Amino acid sequence: MNAEVPIVVGRVLKPHGVRGWVKVASYTEPPDNLAAYRPWLLANGSTWEAVEVDQIQAQPKGFLVRLDGCEDRDAAERLSGREIAVPRACLPAADPDEAYWFDLIGLDVVTPDGEALGRVERILETGANDVLVVRSEARERLVPFIDGVVREVDLEAGRLVAVWDPDF
């Protein structure tokens with residue numbers, strides 16, 4: 001993964017009140033991690049613009065945030081739907097036996113015998129366990145991300161080894 005590519009950690013949902021506050025959803029785990037990351041970058045089309053967080057308040061379903069320069073509801077409305085990202089360097093290093101979800105996206109998935117199953121397209125959170133959506137030219141597979149199935153994750157080689165029947 002390119003260290004320069006910002007990592008999406010949340011989204012501006014909608015304005016809150018008339019004084020420039022916005023409701024924000026966190027994609028981090030735990031959700032409160034979003035409040036600690038700086039600087040925030042807001043998506044602006046295909047680019048990112050740095051913003052300063054003036055105030056942030058935890059809410060039961062996300063955060064209320066006041067950004068520098070966002071003084072009224074109209075300004076807050078213009079931020080609705082924009083993704084929030086941070087530079088990768090802001091995130092703590094993963095433990096040796098762990099990986100961030102975004103690091104798994106794009107990995108080639110193979111069986112222990114080396115048979116290609118496809119590439120990780122995205123990850124679903126099901127509650128019981130995470131599920132890798134693995135797509136090949138021929139099909140899409142849903143592979144549980146659990147110890148009995150995922151044997152190895154090699155980020156440097158861009159490969160994930162899964163005990164999975166290629167016909168399933």
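Report on the accompanying structure.

The rules behind these values
- Residues numbered from 1 in each chain as written.
- Predicted model: local features only at pLDDT ≥ 70, side-chain atom pairs only at ≥ 80, totals over all residues.
- Heavy atoms only, no water.
- Helix = DSSP H or I, 4+ residues; strand = E, 2+ residues; numbered from the N terminus.
- Contact = heavy atoms within 4.5 Å.
- Pairing = 2+ DSSP bridges.
- Axes fitted to C-alpha atoms, helices over the stretch in contact; angles between N-to-C directions.
- Buried < 20%, exposed > 50% of the residue type's maximum accessible area, 1.4 Å probe, protein only.
- Patch = residues over 30% accessible without salt bridge, like charges linked within 9 Å, V, L, I, M, F, W, Y side chains within 5 Å.
- Areas by Shrake-Rupley, 256 points an atom, 1.4 Å probe, with all protein chains shown as cover.
- Salt bridge = Lys/Arg side-chain N within 4 Å of Asp/Glu carboxyl O.
- Lys, Arg positive; Asp, Glu negative; His and termini not counted.
- Charge placed at Lys NZ, Arg CZ, Asp CG, Glu CD.

## Examining the environment of Val110
Here is step 1 of the chain: In this fold, Val110 is placed in strand S8 (residues 108-110).
Here is step 2 of the chain: For the pair Val110 and Arg159, spaced 49 residues apart in the sequence, the C-alpha separation amounts to 7.3 Å.
Here is step 3 of the chain: Among residues more than four places away in sequence, those in contact with Val110 are Glu115, Ala116, Leu117, Arg159, Leu160, Val161 and Ala162.

## What to know about the sheet that holds strand S4 (residues 47-51)
Here is step 1 of the chain: Reading across from one edge, S4-S3-S7-S1-S2-S6-S5 is the order of the seven strands in this open sheet, with antiparallel pairing throughout. Only two strands of the sheet have a single neighbouring strand rather than two, namely S4 and strand S5 (53-59). Averaged over all pairs of adjacent strands, the angle between strand axes in this sheet comes to 35 degrees, irrespective of strand direction.
Here is step 2 of the chain: Bridge count for strand S2 (residues 21-26) against strand S6 (residues 62-67) is four bridges, and the pairing is antiparallel. Bridge assignment links Val22 to a residue of S6, and that residue is Val65.

## A closer look at the environment of Phe63
Here is step 1 of the chain: The topology assignment puts Phe63 in strand S6.
Here is step 2 of the chain: A relative accessible area of 5% places Phe63 in the buried class.
Here is step 3 of the chain: If sequence neighbours within four positions are ignored, Phe63 has contacts with Val22, Lys23, Val24, Ser26, Pro31, Asp32, Leu34, Ala35, Ile56, Gln57 and Ala58.

## Details of the sheet that holds strand S9 (residues 116-125)
Here is step 1 of the chain: Strand order in this open sheet of six strands is S11-S10-S9-S8-S13-S12, and the pairing throughout is mixed. The sheet terminates laterally at strand S11 (140-144) and strand S12 (150-154), the two strands that pair on one side only. Within the sheet, the average angular offset between the axes of one strand and its neighbour, ignoring direction, is 35 degrees.
Here is step 2 of the chain: Here five bridges tie strand S10 (residues 130-135) to S11, and the two strands are oriented antiparallel to one another. Considered in S11, the bridge of Arg135 is made with Glu140.

## Looking at a negative patch on the surface
Here is step 1 of the chain: Residues Asp113, Glu115, Asp165 and Asp167 make up a contiguous surface patch of negative charge.
Here is step 2 of the chain: Along the chain, the position of Asp167 falls in the segment after strand S13 (159-162).
Here is step 3 of the chain: By relative accessible area, which is 67% here, Asp167 ends up exposed.

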